[in-house]
Amino acid sequence: MTYREWFESHSRRHRAIIESLPPMSPEALVDYFRYENMQQKHPDFCPLYAKNEKCHEMEDLNCYLCGCPSFRFCDEGIDQVDGIVRYSLCAIDAKEGRALETDNAIHQDCSKCLLPHRRSFILKHFDRDWMKIMEKCEACPVTAVQELSAGKSPED
């Protein structure tokens, strides 16, 4: 699954839950997305729920964002670092994040970063529309977008 496919799929699942709930305050809505509540009421929202696992071991894990507005990705590649294509990065260079590098790709590893799962962070960035919060995440360079629009792959 590409970053874009996950992003779009997650957005649809998030929107469906929001639309199924009665009107509530931002605080109440964020509280609804606590791991334990979501695991019980929306077991299909995250594949880890069925395994009784968390993506991050922390108290009060909140699943409202399940992603970070500071995450940047481009399935075609954001840029190159020492000749290796970078597909994702952290826009704020969070100290808990790191680059995961292979011989031909660089991806952002956010596994130790807890920011987007903290209630205060979520409320700071809150919107009922997950895509609005995450609108800057897809960060394809203009040239890659132009090439895709013209039907070319960036490698052509």
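Read on for an overview of the structure. (Residues numbered from 1 in each chain as written. Predicted model: local features only at pLDDT ≥ 70, side-chain atom pairs only at ≥ 80, totals over all residues. Heavy atoms only, no water.)

Topic: the side chain of Ser11
Stage number 1. Tracing the chain through its elements places Ser11 in helix H1 (residues 3-20).
Stage number 2. The contact partners of Ser11, leaving out residues within four places of it in the chain, are Trp130 and Met131. (Helix = DSSP H or I, 4+ residues; strand = E, 2+ residues; numbered from the N terminus. Contact = heavy atoms within 4.5 Å.)

Side note on the nonpolar core
In a soluble, globular protein the nonpolar side chains are often hidden away together inside.
Stage number 1. Ranked by internal contacts, the top residues of the largest apolar core, which has 28 residues, are Phe33 and Tyr64.
Stage number 2. When near neighbours in sequence (up to four residues on either side) are disregarded, Tyr64 contacts His14, Ile18, Leu29, Val30, Phe33, Ile122, Phe126, Asp127, Arg128, Trp130 and Ile133. (Core = buried A, V, L, I, M, F, W, Y, C linked by side-chain atoms within 4.5 Å. Buried < 20%, exposed > 50% of the residue type's maximum accessible area, 1.4 Å probe, protein only.)

Things to note about the packing of aromatic side chains
Pairs of aromatic rings are described using the distance from one ring centre to the other and the angle between the two planes.
Stage number 1. Per the stated rule, a full pass over the model turns up 11 aromatic pairs.
Stage number 2. With a centroid separation of 6.1 Å and an interplanar angle of 70 degrees, the aromatic rings of Tyr32 and Phe33 are classed as edge-to-face. You'll find Tyr32 and Phe33 in the same group, each marked buried.
Stage number 3. A centroid spacing of 4.9 Å and a plane angle of 75 degrees characterise the contact between Phe33 and Tyr64, whose relative ring orientation is edge-to-face. Taken together, the residues Phe33 in the loop between helix H2 (26-32) and helix H3 (35-41) and Tyr64 in the loop between helix H4 (47-50) and strand S1 (71-73) connect sequence positions 31 residues apart. We note that Phe33, like Tyr64, is buried.
Stage number 4. An aromatic cluster is built from Tyr3, Trp6, Phe7, Phe71, Phe73 and Trp130, whose rings are joined through pairwise contacts.
Stage number 5. When the ring centre of Phe45 is taken as origin, the NZ or CZ atom of Arg13, which lies over that ring, is 5.9 Å away. (Phe/Tyr/Trp six-rings, centres within 6.5 Å; stacked < 30°, edge-to-face > 60°. Lys NZ or Arg CZ within 6 Å of the ring centre and 35° of its normal.)

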